[in-house]
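Secondary and tertiary structure notes
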Amino acid sequence: MPVAIALIIGILGGYFIRKFLAESKIKSAEEAANKILDDAAKEAEAKKKEAILEAKDEVYRTRTEAEKEIRERRAEIQRSERRLIQKEEYLDRKSDSIERKENNLQKQEEQIEKIREEITSLYQEQLQELERLSNLTSEEARDLLLSRVEEEIQHEAAMLIKDIETQAKEEGEKKAREIISLAIQRCAADHVAETTVSVVALPNDEMKGRIIGREGRNIRTLETMTGIDLIIDDTPEAVILSGFDPIRREVARVALEKLILDGRIHPARIEEMVEKAQKEVEQKIREEGEQATFDTGVHGLHPEIIKLLGRLKFRTSYGQNVLKHSIEVAHLAGVMASELGLDVNLAKRAGLLHDIGKAVDHEVEGPHVTIGADLAKKYKESREVINAIEAHHGDVDPMTVEAVLVAAADAVSAARPGARRETLEVYLKRLAKLEEIANSFDGVDKSFAVQAGREIRIIVKPEKVDDLSLVKVSRDIVKRIENELDYPGQIKVVVIRENRSVDYAK
(Lines give C-alpha, C1' and ligand atoms only; values in the text may rest on other atoms or scores of the structure.)
Protein backbone atom coordinates (compact mmCIF):
# COMPACT_ATOMS: atom_id res chain seq x y z
CA MET A 1 0.00 0.00 0.00
CA PRO A 2 2.59 2.47 0.88
CA VAL A 3 4.38 1.45 -2.30
CA ALA A 4 1.32 2.22 -4.35
CA ILE A 5 0.92 5.56 -2.68
CA ALA A 6 4.56 6.35 -3.32
CA LEU A 7 4.17 5.26 -6.92
CA ILE A 8 1.12 7.49 -7.32
CA ILE A 9 2.89 10.39 -5.67
CA GLY A 10 5.90 9.82 -7.90
CA ILE A 11 3.71 9.75 -10.97
CA LEU A 12 1.85 12.86 -10.01
CA GLY A 13 5.08 14.59 -9.07
CA GLY A 14 6.60 13.63 -12.41
CA TYR A 15 3.50 14.84 -14.21
CA PHE A 16 3.52 18.21 -12.55
CA ILE A 17 7.23 18.57 -12.99
CA ARG A 18 6.97 17.75 -16.69
CA LYS A 19 4.02 20.12 -17.07
CA PHE A 20 5.93 22.87 -15.39
CA LEU A 21 8.93 22.28 -17.56
CA ALA A 22 6.81 22.15 -20.73
CA GLU A 23 5.02 25.36 -19.86
CA SER A 24 8.27 27.10 -19.12
CA LYS A 25 9.69 25.94 -22.48
CA ILE A 26 6.56 27.03 -24.31
CA LYS A 27 6.75 30.39 -22.65
CA SER A 28 10.38 30.84 -23.54
CA ALA A 29 9.65 29.73 -27.11
CA GLU A 30 6.82 32.22 -27.38
CA GLU A 31 9.05 34.93 -26.06
CA ALA A 32 11.75 33.99 -28.61
CA ALA A 33 9.20 33.94 -31.41
CA ASN A 34 7.86 37.29 -30.40
CA LYS A 35 11.34 38.66 -30.29
CA ILE A 36 12.08 37.25 -33.80
CA LEU A 37 8.84 38.78 -35.07
CA ASP A 38 9.74 42.12 -33.56
CA ASP A 39 13.23 41.97 -35.10
CA ALA A 40 11.78 40.98 -38.47
CA ALA A 41 9.31 43.80 -38.37
CA LYS A 42 12.03 46.27 -37.46
CA GLU A 43 14.30 44.91 -40.23
CA ALA A 44 11.47 45.02 -42.75
CA GLU A 45 10.72 48.58 -41.81
CA ALA A 46 14.38 49.48 -42.18
CA LYS A 47 14.57 47.81 -45.55
CA LYS A 48 11.39 49.50 -46.64
CA LYS A 49 12.80 52.84 -45.73
CA GLU A 50 16.04 51.98 -47.49
CA ALA A 51 14.17 50.87 -50.65
CA ILE A 52 12.11 54.06 -50.57
CA LEU A 53 15.31 56.09 -50.33
CA GLU A 54 16.93 54.16 -53.19
CA ALA A 55 13.80 54.61 -55.32
CA LYS A 56 13.82 58.32 -54.58
CA ASP A 57 17.50 58.47 -55.52
CA GLU A 58 16.85 56.57 -58.77
CA VAL A 59 13.95 58.89 -59.61
CA TYR A 60 16.11 61.91 -58.91
CA ARG A 61 18.99 60.55 -61.00
CA THR A 62 16.66 59.65 -63.88
CA ARG A 63 15.04 63.07 -63.73
CA THR A 64 18.48 64.72 -63.73
CA GLU A 65 19.67 62.74 -66.74
CA ALA A 66 16.42 63.43 -68.60
CA GLU A 67 16.71 67.13 -67.90
CA LYS A 68 20.35 67.07 -69.05
CA GLU A 69 19.42 65.25 -72.27
CA ILE A 70 16.57 67.70 -72.88
CA ARG A 71 18.96 70.61 -72.41
CA GLU A 72 21.45 69.03 -74.86
CA ARG A 73 18.74 68.38 -77.45
CA ARG A 74 17.42 71.91 -77.03
CA ALA A 75 20.95 73.25 -77.57
CA GLU A 76 21.42 71.04 -80.66
CA ILE A 77 18.08 72.23 -82.05
CA GLN A 78 19.14 75.82 -81.48
CA ARG A 79 22.43 75.21 -83.29
CA SER A 80 20.58 73.57 -86.20
CA GLU A 81 18.20 76.50 -86.36
CA ARG A 82 21.14 78.91 -86.46
CA ARG A 83 22.75 76.89 -89.28
CA LEU A 84 19.50 76.85 -91.23
CA ILE A 85 19.15 80.58 -90.83
CA GLN A 86 22.75 81.07 -92.03
CA LYS A 87 22.11 78.79 -95.05
CA GLU A 88 18.97 80.67 -95.93
CA GLU A 89 20.88 83.92 -95.75
CA TYR A 90 23.67 82.48 -97.93
CA LEU A 91 21.16 81.15 -100.47
CA ASP A 92 19.46 84.52 -100.59
CA ARG A 93 22.81 86.19 -101.28
CA LYS A 94 23.65 83.54 -103.87
CA SER A 95 20.30 83.98 -105.58
CA ASP A 96 20.86 87.71 -105.77
CA SER A 97 24.36 87.18 -107.21
CA ILE A 98 23.06 84.72 -109.82
CA GLU A 99 20.31 87.10 -110.79
CA ARG A 100 22.84 89.90 -111.26
CA LYS A 101 25.06 87.60 -113.35
CA GLU A 102 22.12 86.57 -115.52
CA ASN A 103 21.36 90.18 -116.17
CA ASN A 104 25.02 90.83 -117.07
CA LEU A 105 25.09 87.77 -119.35
CA GLN A 106 21.95 88.89 -121.10
CA LYS A 107 23.50 92.27 -121.74
CA GLN A 108 26.72 90.62 -122.99
CA GLU A 109 24.75 88.32 -125.31
CA GLU A 110 22.99 91.32 -126.76
CA GLN A 111 26.37 93.01 -127.34
CA ILE A 112 27.84 89.80 -128.85
CA GLU A 113 24.87 89.46 -131.17
CA LYS A 114 25.38 93.03 -132.36
CA ILE A 115 29.12 92.34 -132.90
CA ARG A 116 28.32 89.08 -134.74
CA GLU A 117 25.98 90.92 -137.09
CA GLU A 118 28.66 93.52 -137.73
CA ILE A 119 31.28 90.81 -138.36
CA THR A 120 28.94 88.94 -140.72
CA SER A 121 28.31 92.12 -142.63
CA LEU A 122 32.05 92.86 -142.84
CA TYR A 123 32.76 89.21 -143.86
CA GLN A 124 30.25 89.40 -146.68
CA GLU A 125 31.70 92.70 -147.85
CA GLN A 126 35.28 91.32 -147.74
CA LEU A 127 34.20 88.07 -149.46
CA GLN A 128 32.60 90.05 -152.26
CA GLU A 129 35.70 92.19 -152.54
CA LEU A 130 37.97 89.09 -152.60
CA GLU A 131 35.82 87.44 -155.26
CA ARG A 132 35.96 90.64 -157.29
CA LEU A 133 39.77 90.89 -156.97
CA SER A 134 40.58 87.16 -157.53
CA ASN A 135 37.89 86.48 -160.12
CA LEU A 136 37.03 83.29 -158.10
CA THR A 137 33.82 82.33 -156.37
CA SER A 138 33.88 81.10 -152.79
CA GLU A 139 33.31 77.48 -153.95
CA GLU A 140 36.22 77.69 -156.39
CA ALA A 141 38.48 79.17 -153.72
CA ARG A 142 37.45 76.42 -151.27
CA ASP A 143 38.22 73.70 -153.81
CA LEU A 144 41.62 75.28 -154.53
CA LEU A 145 42.44 75.45 -150.83
CA LEU A 146 41.34 71.87 -150.22
CA SER A 147 43.45 70.61 -153.12
CA ARG A 148 46.52 72.36 -151.73
CA VAL A 149 45.85 71.01 -148.25
CA GLU A 150 45.39 67.52 -149.70
CA GLU A 151 48.72 67.73 -151.53
CA GLU A 152 50.45 68.85 -148.34
CA ILE A 153 48.84 66.02 -146.35
CA GLN A 154 49.82 63.45 -148.99
CA HIS A 155 53.38 64.74 -148.92
CA GLU A 156 53.53 64.59 -145.13
CA ALA A 157 51.93 61.11 -145.12
CA ALA A 158 54.44 59.83 -147.68
CA MET A 159 57.32 61.26 -145.64
CA LEU A 160 55.91 59.75 -142.45
CA ILE A 161 55.42 56.34 -144.11
CA LYS A 162 58.94 56.48 -145.45
CA ASP A 163 60.39 57.34 -142.04
CA ILE A 164 58.36 54.62 -140.29
CA GLU A 165 59.28 52.04 -142.92
CA THR A 166 62.95 52.94 -142.68
CA GLN A 167 62.97 52.74 -138.90
CA ALA A 168 60.96 49.51 -138.78
CA LYS A 169 63.09 47.93 -141.49
CA GLU A 170 66.31 48.88 -139.71
CA GLU A 171 65.10 47.53 -136.36
CA GLY A 172 63.56 44.41 -137.89
CA GLU A 173 66.59 43.65 -140.06
CA LYS A 174 68.92 44.17 -137.12
CA LYS A 175 67.00 41.82 -134.83
CA ALA A 176 66.40 39.24 -137.56
CA ARG A 177 70.05 39.37 -138.57
CA GLU A 178 71.13 38.74 -134.99
CA ILE A 179 68.77 35.78 -134.51
CA ILE A 180 69.43 34.16 -137.89
CA SER A 181 73.20 34.68 -137.72
CA LEU A 182 73.26 33.14 -134.26
CA ALA A 183 71.14 30.22 -135.48
CA ILE A 184 73.40 29.65 -138.51
CA GLN A 185 76.51 29.99 -136.37
CA ARG A 186 75.27 27.29 -134.01
CA CYS A 187 74.16 24.94 -136.79
CA ALA A 188 76.62 23.57 -139.36
CA ALA A 189 75.38 20.88 -141.76
CA ASP A 190 77.16 19.18 -144.64
CA HIS A 191 75.47 19.31 -148.00
CA VAL A 192 76.58 17.53 -151.16
CA ALA A 193 75.26 17.77 -154.68
CA GLU A 194 73.42 14.59 -155.56
CA THR A 195 72.03 13.63 -158.95
CA THR A 196 69.86 10.91 -160.43
CA VAL A 197 72.83 8.64 -161.20
CA SER A 198 75.19 6.55 -159.09
CA VAL A 199 78.59 5.26 -160.16
CA VAL A 200 79.86 1.82 -159.12
CA ALA A 201 83.60 1.24 -159.42
CA LEU A 202 84.78 -2.00 -161.03
CA PRO A 203 88.03 -3.86 -160.32
CA ASN A 204 88.67 -4.16 -164.06
CA ASP A 205 86.92 -3.74 -167.40
CA GLU A 206 86.45 -7.49 -167.75
CA MET A 207 83.81 -7.28 -165.03
CA LYS A 208 81.55 -5.34 -167.45
CA GLY A 209 81.13 -8.47 -169.61
CA ARG A 210 80.27 -10.58 -166.59
CA ILE A 211 77.70 -8.02 -165.47
CA ILE A 212 76.10 -8.06 -168.92
CA GLY A 213 76.12 -11.88 -168.99
CA ARG A 214 75.37 -14.23 -171.82
CA GLU A 215 73.05 -12.49 -174.29
CA GLY A 216 72.52 -9.78 -171.64
CA ARG A 217 70.57 -11.98 -169.21
CA ASN A 218 72.43 -10.74 -166.10
CA ILE A 219 71.91 -7.03 -166.80
CA ARG A 220 68.26 -7.62 -167.74
CA THR A 221 67.66 -9.52 -164.51
CA LEU A 222 69.31 -6.78 -162.45
CA GLU A 223 67.33 -4.03 -164.20
CA THR A 224 64.06 -5.98 -163.83
CA MET A 225 64.62 -6.70 -160.12
CA THR A 226 65.65 -3.15 -159.20
CA GLY A 227 63.84 -0.99 -161.78
CA ILE A 228 67.12 0.87 -162.44
CA ASP A 229 68.90 1.30 -165.78
CA LEU A 230 72.53 0.14 -165.94
CA ILE A 231 74.65 2.18 -168.33
CA ILE A 232 77.77 0.32 -169.40
CA ASP A 233 79.80 2.46 -171.78
CA ASP A 234 83.43 3.33 -172.43
CA THR A 235 83.93 4.77 -168.98
CA PRO A 236 86.93 2.88 -167.64
CA GLU A 237 86.27 0.59 -164.67
CA ALA A 238 82.85 2.05 -163.87
CA VAL A 239 79.17 1.28 -164.29
CA ILE A 240 76.53 3.99 -164.10
CA LEU A 241 73.18 3.34 -162.42
CA SER A 242 70.43 5.68 -163.61
CA GLY A 243 66.97 6.11 -162.09
CA PHE A 244 64.66 8.69 -160.52
CA ASP A 245 63.87 6.55 -157.44
CA PRO A 246 66.90 7.06 -155.14
CA ILE A 247 66.00 4.12 -152.90
CA ARG A 248 65.83 1.70 -155.80
CA ARG A 249 69.09 3.14 -157.09
CA GLU A 250 70.67 2.53 -153.69
CA VAL A 251 69.38 -1.07 -153.67
CA ALA A 252 70.87 -1.61 -157.12
CA ARG A 253 74.19 -0.09 -156.06
CA VAL A 254 74.48 -2.25 -152.93
CA ALA A 255 73.46 -5.42 -154.82
CA LEU A 256 75.90 -4.74 -157.66
CA GLU A 257 78.78 -4.11 -155.24
CA LYS A 258 77.99 -7.38 -153.43
CA LEU A 259 77.89 -9.25 -156.73
CA ILE A 260 81.23 -7.76 -157.76
CA LEU A 261 82.82 -8.78 -154.44
CA ASP A 262 81.31 -12.25 -154.62
CA GLY A 263 82.30 -12.77 -158.25
CA ARG A 264 79.41 -15.18 -158.97
CA ILE A 265 77.07 -13.25 -161.23
CA HIS A 266 74.06 -15.10 -162.62
CA PRO A 267 70.27 -14.52 -162.44
CA ALA A 268 69.65 -16.63 -159.32
CA ARG A 269 72.53 -15.00 -157.48
CA ILE A 270 71.35 -11.57 -158.62
CA GLU A 271 67.87 -12.18 -157.15
CA GLU A 272 69.41 -13.29 -153.85
CA MET A 273 71.71 -10.27 -153.65
CA VAL A 274 68.90 -7.85 -154.53
CA GLU A 275 66.78 -9.25 -151.68
CA LYS A 276 69.70 -8.88 -149.26
CA ALA A 277 70.34 -5.36 -150.52
CA GLN A 278 66.70 -4.42 -149.99
CA LYS A 279 66.86 -5.61 -146.38
CA GLU A 280 70.12 -3.72 -145.82
CA VAL A 281 68.71 -0.53 -147.32
CA GLU A 282 65.55 -0.83 -145.20
CA GLN A 283 67.73 -1.27 -142.11
CA LYS A 284 69.81 1.71 -143.18
CA ILE A 285 66.66 3.79 -143.69
CA ARG A 286 65.50 2.96 -140.17
CA GLU A 287 68.92 3.77 -138.72
CA GLU A 288 69.10 7.08 -140.59
CA GLY A 289 65.66 8.04 -139.28
CA GLU A 290 66.60 7.15 -135.71
CA GLN A 291 69.91 9.01 -136.05
CA ALA A 292 68.03 12.10 -137.30
CA THR A 293 65.73 12.04 -134.25
CA PHE A 294 68.76 11.57 -131.99
CA ASP A 295 70.69 14.44 -133.62
CA THR A 296 67.77 16.86 -133.27
CA GLY A 297 66.56 15.66 -129.86
CA VAL A 298 63.05 14.94 -131.16
CA HIS A 299 61.54 11.89 -129.46
CA GLY A 300 58.23 10.07 -129.36
CA LEU A 301 57.77 9.83 -133.14
CA HIS A 302 55.72 7.04 -134.67
CA PRO A 303 57.93 4.21 -136.09
CA GLU A 304 56.50 4.79 -139.58
CA ILE A 305 57.39 8.48 -139.36
CA ILE A 306 60.95 7.48 -138.44
CA LYS A 307 61.11 5.22 -141.51
CA LEU A 308 59.82 8.04 -143.71
CA LEU A 309 62.52 10.31 -142.28
CA GLY A 310 65.13 7.71 -143.20
CA ARG A 311 63.80 7.63 -146.78
CA LEU A 312 64.56 11.34 -147.04
CA LYS A 313 68.25 10.37 -146.87
CA PHE A 314 67.91 9.21 -150.48
CA ARG A 315 65.78 12.18 -151.63
CA THR A 316 67.21 15.40 -153.05
CA SER A 317 65.67 18.78 -153.84
CA TYR A 318 67.61 21.09 -156.16
CA GLY A 319 70.67 18.97 -155.36
CA GLN A 320 70.16 19.36 -151.59
CA ASN A 321 69.80 16.24 -149.45
CA VAL A 322 66.31 16.50 -147.93
CA LEU A 323 67.12 14.70 -144.66
CA LYS A 324 70.13 16.91 -143.96
CA HIS A 325 68.01 19.91 -144.95
CA SER A 326 65.28 18.81 -142.50
CA ILE A 327 67.81 18.35 -139.68
CA GLU A 328 69.27 21.78 -140.40
CA VAL A 329 65.79 23.36 -140.41
CA ALA A 330 65.05 21.69 -137.05
CA HIS A 331 68.25 23.09 -135.53
CA LEU A 332 67.68 26.57 -136.97
CA ALA A 333 64.06 26.72 -135.83
CA GLY A 334 65.03 25.43 -132.38
CA VAL A 335 67.76 28.03 -131.93
CA MET A 336 65.49 30.88 -133.06
CA ALA A 337 62.69 29.64 -130.78
CA SER A 338 65.14 29.54 -127.87
CA GLU A 339 66.25 33.12 -128.57
CA LEU A 340 62.62 34.28 -128.64
CA GLY A 341 61.57 32.33 -125.55
CA LEU A 342 59.21 29.98 -127.43
CA ASP A 343 58.61 26.21 -127.41
CA VAL A 344 61.94 24.77 -128.62
CA ASN A 345 60.71 21.16 -128.78
CA LEU A 346 57.71 22.12 -130.92
CA ALA A 347 59.89 24.16 -133.29
CA LYS A 348 62.40 21.30 -133.67
CA ARG A 349 59.68 18.69 -134.20
CA ALA A 350 57.89 20.77 -136.83
CA GLY A 351 61.20 21.65 -138.53
CA LEU A 352 62.24 18.01 -138.73
CA LEU A 353 58.88 16.91 -140.19
CA HIS A 354 58.15 19.90 -142.46
CA ASP A 355 59.27 18.06 -145.66
CA ILE A 356 58.11 14.55 -144.64
CA GLY A 357 55.78 14.49 -147.65
CA LYS A 358 58.77 14.36 -150.00
CA ALA A 359 59.47 10.81 -148.82
CA VAL A 360 56.44 9.51 -150.77
CA ASP A 361 55.56 12.34 -153.18
CA HIS A 362 56.66 10.16 -156.14
CA GLU A 363 54.16 7.51 -155.01
CA VAL A 364 51.23 9.69 -153.89
CA GLU A 365 49.50 12.36 -155.98
CA GLY A 366 49.61 15.93 -154.73
CA PRO A 367 52.11 18.51 -153.44
CA HIS A 368 54.49 17.43 -150.70
CA VAL A 369 52.95 19.97 -148.27
CA THR A 370 49.51 18.33 -148.47
CA ILE A 371 51.01 14.82 -148.37
CA GLY A 372 53.12 15.71 -145.32
CA ALA A 373 50.12 17.20 -143.46
CA ASP A 374 48.07 14.07 -144.21
CA LEU A 375 50.87 11.83 -142.92
CA ALA A 376 51.16 13.91 -139.75
CA LYS A 377 47.40 13.61 -139.16
CA LYS A 378 47.54 9.87 -139.83
CA TYR A 379 50.25 9.32 -137.22
CA LYS A 380 48.58 11.56 -134.59
CA GLU A 381 50.88 14.57 -134.59
CA SER A 382 49.68 17.73 -132.82
CA ARG A 383 47.70 20.51 -134.50
CA GLU A 384 50.66 22.88 -134.16
CA VAL A 385 53.01 20.51 -136.02
CA ILE A 386 50.42 19.90 -138.76
CA ASN A 387 49.87 23.64 -139.19
CA ALA A 388 53.64 24.27 -139.40
CA ILE A 389 53.91 21.64 -142.17
CA GLU A 390 50.99 23.19 -144.07
CA ALA A 391 52.21 26.78 -143.62
CA HIS A 392 55.95 26.44 -144.39
CA HIS A 393 55.34 27.38 -148.05
CA GLY A 394 52.56 29.88 -147.32
CA ASP A 395 49.70 27.64 -148.43
CA VAL A 396 47.80 28.36 -145.20
CA ASP A 397 48.16 30.99 -142.50
CA PRO A 398 50.42 30.04 -139.57
CA MET A 399 48.63 29.62 -136.24
CA THR A 400 51.75 29.81 -134.06
CA VAL A 401 55.01 31.73 -134.00
CA GLU A 402 56.83 28.38 -134.19
CA ALA A 403 55.22 27.79 -137.61
CA VAL A 404 56.61 31.13 -138.79
CA LEU A 405 60.06 30.15 -137.50
CA VAL A 406 59.91 26.84 -139.40
CA ALA A 407 59.12 28.70 -142.64
CA ALA A 408 61.98 31.14 -141.96
CA ALA A 409 64.41 28.31 -141.14
CA ASP A 410 63.37 26.49 -144.32
CA ALA A 411 64.09 29.62 -146.37
CA VAL A 412 67.44 30.15 -144.63
CA SER A 413 68.55 26.54 -145.19
CA ALA A 414 67.50 26.58 -148.84
CA ALA A 415 68.75 30.07 -149.72
CA ARG A 416 72.24 30.06 -148.31
CA PRO A 417 74.99 29.86 -150.94
CA GLY A 418 75.80 26.33 -152.09
CA ALA A 419 72.77 24.71 -150.49
CA ARG A 420 70.83 24.22 -153.70
CA ARG A 421 71.34 24.50 -157.38
CA GLU A 422 68.82 25.46 -160.00
CA THR A 423 68.62 24.64 -163.64
CA LEU A 424 69.56 27.34 -166.09
CA GLU A 425 66.04 27.29 -167.53
CA VAL A 426 64.39 28.04 -164.17
CA TYR A 427 66.92 30.75 -163.47
CA LEU A 428 66.31 32.50 -166.82
CA LYS A 429 62.55 32.23 -166.42
CA ARG A 430 62.74 33.95 -163.02
CA LEU A 431 64.84 36.81 -164.43
CA ALA A 432 62.43 37.27 -167.36
CA LYS A 433 59.40 37.19 -165.02
CA LEU A 434 60.99 39.81 -162.74
CA GLU A 435 61.50 42.22 -165.64
CA GLU A 436 58.04 41.45 -167.01
CA ILE A 437 56.39 42.34 -163.66
CA ALA A 438 58.36 45.59 -163.40
CA ASN A 439 57.62 46.66 -166.99
CA SER A 440 53.88 46.08 -166.53
CA PHE A 441 53.56 49.14 -164.27
CA ASP A 442 52.59 52.49 -165.77
CA GLY A 443 55.46 54.97 -165.84
CA VAL A 444 58.26 52.35 -165.90
CA ASP A 445 60.79 53.03 -168.64
CA LYS A 446 63.31 50.18 -168.24
CA SER A 447 64.08 47.39 -165.78
CA PHE A 448 67.16 45.24 -165.25
CA ALA A 449 67.37 42.06 -163.14
CA VAL A 450 70.88 41.89 -161.64
CA GLN A 451 72.80 40.03 -158.94
CA ALA A 452 71.60 36.63 -160.21
CA GLY A 453 67.98 37.65 -159.72
CA ARG A 454 68.51 38.91 -156.17
CA GLU A 455 67.98 42.54 -157.21
CA ILE A 456 65.98 44.40 -159.83
CA ARG A 457 66.67 48.00 -160.82
CA ILE A 458 63.80 49.96 -162.33
CA ILE A 459 64.06 53.32 -164.15
CA VAL A 460 60.81 55.30 -164.25
CA LYS A 461 59.76 58.19 -166.47
CA PRO A 462 60.11 61.40 -164.44
CA GLU A 463 57.21 63.14 -166.16
CA LYS A 464 54.80 60.34 -165.11
CA VAL A 465 56.14 59.34 -161.68
CA ASP A 466 56.95 62.06 -159.14
CA ASP A 467 58.97 61.74 -155.95
CA LEU A 468 55.88 61.03 -153.85
CA SER A 469 54.67 58.24 -156.14
CA LEU A 470 58.11 56.61 -156.16
CA VAL A 471 57.56 54.91 -152.80
CA LYS A 472 54.14 53.62 -153.87
CA VAL A 473 55.51 52.19 -157.15
CA SER A 474 58.29 50.29 -155.37
CA ARG A 475 55.83 48.92 -152.79
CA ASP A 476 53.36 47.78 -155.50
CA ILE A 477 56.15 46.03 -157.43
CA VAL A 478 57.32 44.26 -154.26
CA LYS A 479 53.78 43.03 -153.50
CA ARG A 480 53.38 41.77 -157.07
CA ILE A 481 56.70 39.88 -156.94
CA GLU A 482 55.77 38.29 -153.59
CA ASN A 483 52.40 37.13 -154.93
CA GLU A 484 53.51 35.82 -158.34
CA LEU A 485 57.06 34.47 -157.92
CA ASP A 486 58.62 31.63 -155.94
CA TYR A 487 62.24 32.36 -155.02
CA PRO A 488 64.71 31.60 -152.24
CA GLY A 489 65.79 34.41 -149.93
CA GLN A 490 64.76 37.96 -150.83
CA ILE A 491 64.78 40.23 -153.87
CA LYS A 492 65.84 43.87 -153.61
CA VAL A 493 63.75 46.33 -155.64
CA VAL A 494 65.43 49.65 -156.53
CA VAL A 495 63.31 52.31 -158.28
CA ILE A 496 65.28 55.19 -159.88
CA ARG A 497 63.85 58.56 -161.00
CA GLU A 498 66.15 60.93 -162.79
CA ASN A 499 65.70 64.38 -164.39
CA ARG A 500 68.13 65.50 -167.09
CA SER A 501 68.45 68.82 -168.83
CA VAL A 502 70.41 68.75 -172.13
CA ASP A 503 71.28 71.79 -174.20
CA TYR A 504 73.85 72.63 -176.87
CA ALA A 505 76.11 75.66 -177.19
CA LYS A 506 76.38 76.79 -180.80
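Residues numbered from 1 in each chain as written. Predicted model: local features only at pLDDT ≥ 70, side-chain atom pairs only at ≥ 80, totals over all residues. Heavy atoms only, no water.

**Description of the overall build of the chain**
Of the regular secondary structure elements, the chain holds 14 helices and eight strands. When burial is assessed residue by residue, the chain has 28% of its 506 residues classed as buried. Only carbon and sulfur atoms are counted for the fraction: they give 53% of the accessible area of the chain, which is about 34700 Å². (Helix = DSSP H or I, 4+ residues; strand = E, 2+ residues; numbered from the N terminus. Buried < 20%, exposed > 50% of the residue type's maximum accessible area, 1.4 Å probe, protein only. Areas by Shrake-Rupley, 256 points an atom, 1.4 Å probe, with all protein chains shown as cover.)

**Comments concerning helix α6 (residues 267-296)**
If you check α6, its first and last C-alpha atoms are 43 Å apart, about what 30 residues at 1.5 Å a residue would give, namely 44 Å. Buried within α6 we find Arg269, Ile270, Met273, Val274, Ala277, Val281, Ile285, Gly289, Ala292, Thr293 and Thr296. Each element contacted by the buried residues of α6 is listed here: α4 (217-226), α5 (246-262), α7 (303-311), α8 (322-340) and α9 (344-353). Looking one or two places after α6, you find Gly297, whose phi comes out positive at around 75°. (Expected span 1.5 Å × (residues − 1). Contact = heavy atoms within 4.5 Å.)

**Focus: a nonpolar patch on the surface**
Together, Ile8, Leu12, Tyr15 and Phe16 give the surface a local cluster of nonpolar side chains, amounting to about 440 Å² of exposed area. Summarising the element assignment, Phe16 is placed in helix α1 (residues 2-134). (Patch = residues over 30% accessible without salt bridge, like charges linked within 9 Å, V, L, I, M, F, W, Y side chains within 5 Å. Salt bridge = Lys/Arg side-chain N within 4 Å of Asp/Glu carboxyl O.)

**Examining the sheet that holds strand β8 (residues 492-497)**
The strands that make up a sheet are held in pairs by hydrogen bonds between backbone atoms, and each pair lies either parallel or antiparallel. The mixed open sheet is built from three strands, whose spatial order is β6-β7-β8. Both outer strands of the open sheet, β6 (444-450) and β8, are each paired with one neighbouring strand and no more. If you compare each strand with its neighbour and ignore which way they point, the axes differ by 15° on average. Strand direction decides the pairing type here: β6 and strand β7 (residues 455-460), joined by six bridges, are antiparallel. Within β7, the residue paired with Ala449 across the bridge is Ile456. Along the sheet, helix α14 (residues 467-484) contacts β7 and β8; its crossing angle with β8, the most-contacted strand, is approximately 150°. (Pairing = 2+ DSSP bridges. Axes fitted to C-alpha atoms, helices over the stretch in contact; angles between N-to-C directions.)

**Notes on the packing of α5 against α6**
Direction vectors running N to C along α5 and α6 enclose 125°, while the axes themselves pass 8 Å from each other. With respect to their mutual orientation, α5 and α6 come out oblique. Viewed along their axes, α5 and α6 form a crossing whose handedness is right-handed. Contacts between α5 and α6 pair Ile247, Glu250, Val251, Val254, Ala255, Lys258, Leu259 and Asp262 from the former with Arg269, Ile270, Met273, Val274, Ala277, Gln278, Glu280, Val281, Lys284 and Ile285 from the latter. Of the residues contributing to the contact of α5 with α6, the split by class is 11 nonpolar, one polar and six charged. (Parallel < 35°, antiparallel > 145°, perpendicular 65-115°, else oblique. Left-handed = near helix turned anticlockwise from the far one by under 90°. Nonpolar A, V, L, I, M, F, W, Y, C, P; charged D, E, K, R; others polar.)

**Focus on unusual backbone geometry**
Unusually for a residue other than glycine, Glu215 sits at a positive phi of about 55°. Positionally, Glu215 belongs in the loop between α3 (206-212) and α4. Positive phi, close to 65°, is recorded for Lys380, a residue that is not glycine. Among the structural elements, Lys380 can be located in the loop between α10 (368-378) and α11 (383-391).

**As for the pattern of salt bridges**
A pair can form between side chains of opposite charge whenever their charged atoms are brought close. Applying the stated rule across the entire model yields 21 salt bridges. Between Glu257 and Arg253 there is a salt bridge, with its nearest N and O atoms 2.9 Å apart. Here the residue Glu257 and the residue Arg253 both occupy positions in helix α5, the gap between them amounting to four residues, near one helical turn. The exposure class of Glu257 is partly exposed, given its relative accessible area of 33%.

**Some words on the side chain of His354**
Residue placement: His354 occurs in the loop between α9 and α10. For His354, the side chain forms a polar contact with the side chain of His325, separated by 3.3 Å. A distance of 3.2 Å separates a polar atom in the side chain of His354 from a polar atom in the side chain of Asp410. (Polar contact = N/O pair within 3.5 Å; in protein donor to acceptor, adjacent residues only side chain to side chain.)

**Re the packing of α10 against α11**
Where α10 contacts α11, the two axes come as close as 8 Å, and the packing angle between them is 170°. By the angle between their directions, the pair α10 and α11 is classed as roughly antiparallel. Of α11, the residues touching α10 (which contributes Val369, Gly372, Ala373, Ala376 and Lys377) are Ile386, Ile389 and Glu390. The residue makeup of the contact of α10 with α11, split by class, is five nonpolar, one polar and two charged.

**So, the sheet that holds strand β2 (residues 229-231)**
Judged by pairing direction, the sheet is antiparallel, and its three strands sit side by side in the order β1-β3-β2 without closing on themselves. The open sheet has two edge strands with one neighbour each: β1 (197-201) and β2. Along the sheet, successive strands turn relative to each other by an average axial angle of 25°, direction set aside. Pairing geometry for β1 and strand β3 (residues 238-242), over five bridges, is antiparallel.

**Brief notes about a negative patch on the surface**
Judged by side-chain charge, Glu88, Glu89, Asp92, Asp96, Glu99 and Glu102 come together as a negatively charged surface patch. Among the secondary structure elements, Asp96 is positioned in helix α1. You can call Asp96 partly exposed: its relative accessible area is 38%. (Lys, Arg positive; Asp, Glu negative; His and termini not counted. Charge placed at Lys NZ, Arg CZ, Asp CG, Glu CD.)

**Some thoughts on the confidence of the model for the chain**
Residues of the chain with pLDDT of at least 70 account for 90%, and the chain-wide mean is 81. Low pLDDT, under 50, characterises residues 188-194; the predicted model gives this stretch 16 contacts beyond four residues in sequence or across chains. (pLDDT = per-residue confidence, 0-100.)

**Considering the environment of Glu328**
Within the secondary structure layout, Glu328 lies in helix α8. Accessibility expressed as a relative area gives 4% for Glu328, which makes it buried. For the pair Glu328 and Ala414, spaced 86 residues apart in sequence, the C-alpha to C-alpha distance is 9.9 Å.

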